[in-house]
Amino acid sequence: MNRRPVIILLLVVALFSCKKTIHYPAVAPADYFIPLRVGQYATYRLDSLNFYYYGQLDTVTSYLAKDSVESSFIDGVGNTAWLVTRYMSDTTGSSWVPSQTYTVTPSQQRVEMTEDNLRFVKLAFPIAQGFSWSGNSYLPYGPYQDFFDFSDDAHLTLGNWNYTYQSVNKPYSLGTQSFDSTVTVLQENDSINVPIVDVNSFASRTYWIETYAKHIGLIYRHTEMWEYQPPTPDGTQSGYKIGFQLTMRLVDHN
């Protein structure tokens, strides 16, 4: 009797029976975004670091920003999208002025956000520790070049960034606020010559992280995208910085 086919069959059965099945929780990415219904809002404190005096000095300016869901519509491919208006105020919140609008398009697999004609995949399925996706895959080359003369490749080819989930379904404290279930998305973390020790060498910092709370949306964001250009050898140009740094913290929501 030829036992070889029987042995091969048993090995195949054993291999398939040992394969581990991964069960992801039935949580849609939209569950961690701002609830998409008209009248929903979230208010943030924005602390913006700007460079001035030819990039040799910096200052922090603070504002309040209120993101309000205004309406919904059907986009060009038949998906339901939501229009969100951002209102700005000084830190007293005494007077609000419309600043910009952006759109949010949710699905079972992802949440897309289009802001200033830049399209981001903010959240993606499955929401699992360590899961990564190309959140900037729709971005063009050098999306911020109209504002900053960046030279570091990390600031030009944002489409290569890999978003990664960290601290999935974890509690989070923000000042006096506590959130039971949050997820943090690390978009990028890269640096050259930071902290700046050698002032005669180029330096760059790229860091973008966001934290979302379930059924609330974005509660924290910190972004650093800046470059340091060293002084010219002949001393005609001093060292200077270009770029920006922004921190957003949730202060109120409904």
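Up top is the structure.
## Re the environment of serine 94
Turning to its location among the elements, serine 94 is positioned in the loop between β3 (80-89) and β4 (97-106). Of the residues examined, serine 94 reaches a relative accessible area of 60% and is grouped as exposed. A polar atom in the side chain of serine 94 sits 3.0 Å from the side chain of threonine 92.

## A look at the packing of aromatic side chains
The geometry of two aromatic rings is summed up by the distance between their centres and the angle between their planes. Going through the model one piece at a time under the given rule, you end up with nine aromatic pairs. An aromatic cluster is present here, built from Phe131, Trp133, Tyr163 and Tyr165 joined pairwise through their rings. Positioned above the aromatic ring of tyrosine 138 is the side chain of arginine 119, whose terminal nitrogen or guanidinium carbon lies 3.6 Å from the ring centre. The residue whose ring lies beneath lysine 122 is phenylalanine 120, and the NZ or CZ to ring-centre distance is 4.9 Å.

## Observations concerning the pattern of salt bridges
Opposite charge on two side chains lets them pair, provided their charged atoms get close. All chains considered together, the criterion is met by eight salt bridges. Of the charged contacts, one joins glutamate 115 and arginine 86 as a salt bridge, the two residues approaching to 3.8 Å between their closest N and O atoms. Placement of glutamate 115 in strand β5 (residues 110-115) and of arginine 86 in strand β3 is noted, with a sequence separation of 29 residues between them. Comparing glutamate 115 with arginine 86, the two get one shared label, buried. Residues joined in a network through salt bridges with shared partners are Arg45, Asp47 and Arg249.

## Concerning the environment of tyrosine 141
Following the sequence through the fold, tyrosine 141 ends up in the loop between β7 (132-133) and α2 (153-156). Judged by its relative accessible area of 59%, tyrosine 141 is exposed. In this structure, the C-alpha to C-alpha distance between tyrosine 141 and glycine 159, residues 18 residues apart in sequence, is 7.6 Å. In contact with tyrosine 141, not counting residues within four places along its chain, are Leu156 and Thr157.

## Examining the pairing of strand β11 (residues 217-229)
In terms of burial, β11 is a largely internal element, 13 of the 13 residues being buried. In this antiparallel pair of consecutive strands, strand β10 (residues 203-213) and β11, the connection spans three residues, and histidine 215 shows a positive phi of 65 degrees. One ladder, built from ten bridges, connects β11 with strand β12 (residues 240-253); its direction is antiparallel. Each residue of the ladder has a partner; that of arginine 221, found in β12, is methionine 248.

## Brief notes about the environment of threonine 91
Counting through the fold element by element, threonine 91 comes out in the loop between β3 and β4. For threonine 91, a relative accessible area of 42% puts it in the partly exposed group. With 46 residues separating them in the primary sequence, threonine 91 and arginine 45 have C-alpha atoms 7.6 Å apart. Each residue touching threonine 91, except ones within four places of it in the same chain, is listed here: Arg45, Ser62, Tyr63 and Leu64.

Scoring rules and cut-offs
- Residues numbered from 1 in each chain as written.
- Predicted model: local features only at pLDDT ≥ 70, side-chain atom pairs only at ≥ 80, totals over all residues.
- Heavy atoms only, no water.
- Helix = DSSP H or I, 4+ residues; strand = E, 2+ residues; numbered from the N terminus.
- Buried < 20%, exposed > 50% of the residue type's maximum accessible area, 1.4 Å probe, protein only.
- Polar contact = N/O pair within 3.5 Å; in protein donor to acceptor, adjacent residues only side chain to side chain.
- Phe/Tyr/Trp six-rings, centres within 6.5 Å; stacked < 30°, edge-to-face > 60°.
- Lys NZ or Arg CZ within 6 Å of the ring centre and 35° of its normal.
- Salt bridge = Lys/Arg side-chain N within 4 Å of Asp/Glu carboxyl O.
- Contact = heavy atoms within 4.5 Å.
- Pairing = 2+ DSSP bridges.

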